Amino acid sequence: IGFSDNYVQKSASVGFATLLSVCEGNAMALVSWINSKLPSTSADVWEVALPALGQVTRSAQGRGALMRTGIVGSIVGILRRVTVGGKAQHIYELVFALWTLSLNEGDAQAYLAAGTVPTLLEFLAAASSKKVVRIIVFTLKNLASFGNENLLNEMFSSGILRLVDNLAGSGAIKQMNDAEADADFRALQEILNKNYRELSSFDRFRSEYESGALRWGIVHNEKFWRENVKYLEKDDFQLLKHMLTFVTSSD
């Protein structure tokens with residue numbers, strides 16, 4: 001791995017990663033090497049590490065080691081540098097790593113901090129490659145399955161429902177003739193529809209204000225207020241008066 005030739009580094013790192021996927025061992029040396037390559041702005045440098053990254057993420061041990069290093073932010077950062085006009089294979093490999101990392105449920109904050117959802121939705125909207133669309137759908141389904149309210153709010157605020165509706169209307173998923181992709185897409189739709197109803201209710205808005213923990217989300221838009229403004233009249237506009245205490249607060 002320390003050899004100067006890129007091809008030798010790529011081959012050695014993939015061999016190392018493959019061994020770690022089937023044998024117990026310390027993955028930190030390889031993870032550190034991968035992390036040293038990914039921040040580079042040169043595709044020739046970070047491309048060397050992509051095959052090993054994909055292999056390391058195949059094991060729970062490897063995924064755990066990677067998540068402890070802030071890998072999600074590094075991957076999302078590369079996607080932004082590549083842009084939606086980048087090579088489909090590069091985009092696929094990077095999102096594949098995010099997908100496999102998302103198999104380990106729990107660390108929603110890492111995905112929120114990295115801006116993962118808006119980035120994935122931007123690539124989904126522009127993707128022409130079927131395999132890129134497929135892997136993004138898989139990843140979004142896993143993230144939605146976390147059941148994290150903040151992550152779901154970010155999905156809705158970033159326009160995921162419109163994108164999902166467009167995919168369904170165009171028949172893009174069915175045209176893949178892929179049972180697994182179809183099942184994951186339907187599961188994503190189900191999770192989104194269920195949680196949208198729960199997160200966009202006026203009761204949810206009321207409880208947010210009463211708790212004092214204000215967060216931008218799907219209840220802060222014109223459509224929500226057109227449908228729910230009448231509920232502000234309840235109890236002599238008590239909630240509206242409560243909202244005004246926030247506006248006049250010194251905080």
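Here the structure is shown first, and the text comes after it.
A few points about the overall build of the chain
Tallying secondary structure elements over the chain gives 15 helices and zero strands in all. The principal-axis extent of the C-alpha atoms belonging to the chain is close to 75 × 45 × 30 Å. Among the 251 residues that make up the chain, the fraction classed as buried is 45%. As presented, the chain carries roughly 12900 Å² of accessible surface, and 52% of it is formed by carbon and sulfur atoms. Taking the average location of the 25 positive side-chain charges in the chain and that of its 26 negative ones, the two points are 4 Å from each other.

Topic: the pattern of salt bridges
Scanning the entire structure with this criterion turns up seven salt bridges. Residue Arg134 is joined to Asp178 by a salt bridge in which the shortest nitrogen-to-oxygen separation is 2.6 Å. Of this pair, Arg134 sits in helix H9 (residues 130–145) while Asp178 sits in the loop between helix H11 (160–170) and helix H12 (179–199); the two residues are 44 residues apart in sequence, bridging distant segments of the chain. Residue Arg226 pairs with Glu222 through a salt bridge whose shortest N-O separation is 2.7 Å. Taken together, the positions of Arg226 and Glu222, both in helix H14 (residues 222–228) and four residues apart, correspond to about one turn of that helix. Glu222 matches Arg226 in its accessibility class, with the two residues each being exposed. Among the charged side chains, a network of salt bridges with common partners joins Arg134, Asp178 and Glu180.

Quick look at the side chain of Thr116
Relative to the helices and strands, Thr116 is located in helix H8 (residues 116–126). Thr116 has contacts with Val72, Val76, Leu98, Tyr111 and Leu143, leaving out every residue within four places of it along the chain.

Cut-offs and rules
- Residues numbered from 1 in each chain as written.
- Predicted model: local features only at pLDDT ≥ 70, side-chain atom pairs only at ≥ 80, totals over all residues.
- Heavy atoms only, no water.
- Helix = DSSP H or I, 4+ residues; strand = E, 2+ residues; numbered from the N terminus.
- Buried < 20%, exposed > 50% of the residue type's maximum accessible area, 1.4 Å probe, protein only.
- Areas by Shrake-Rupley, 256 points an atom, 1.4 Å probe, with all protein chains shown as cover.
- Lys, Arg positive; Asp, Glu negative; His and termini not counted.
- Charge placed at Lys NZ, Arg CZ, Asp CG, Glu CD.
- Salt bridge = Lys/Arg side-chain N within 4 Å of Asp/Glu carboxyl O.
- Contact = heavy atoms within 4.5 Å.

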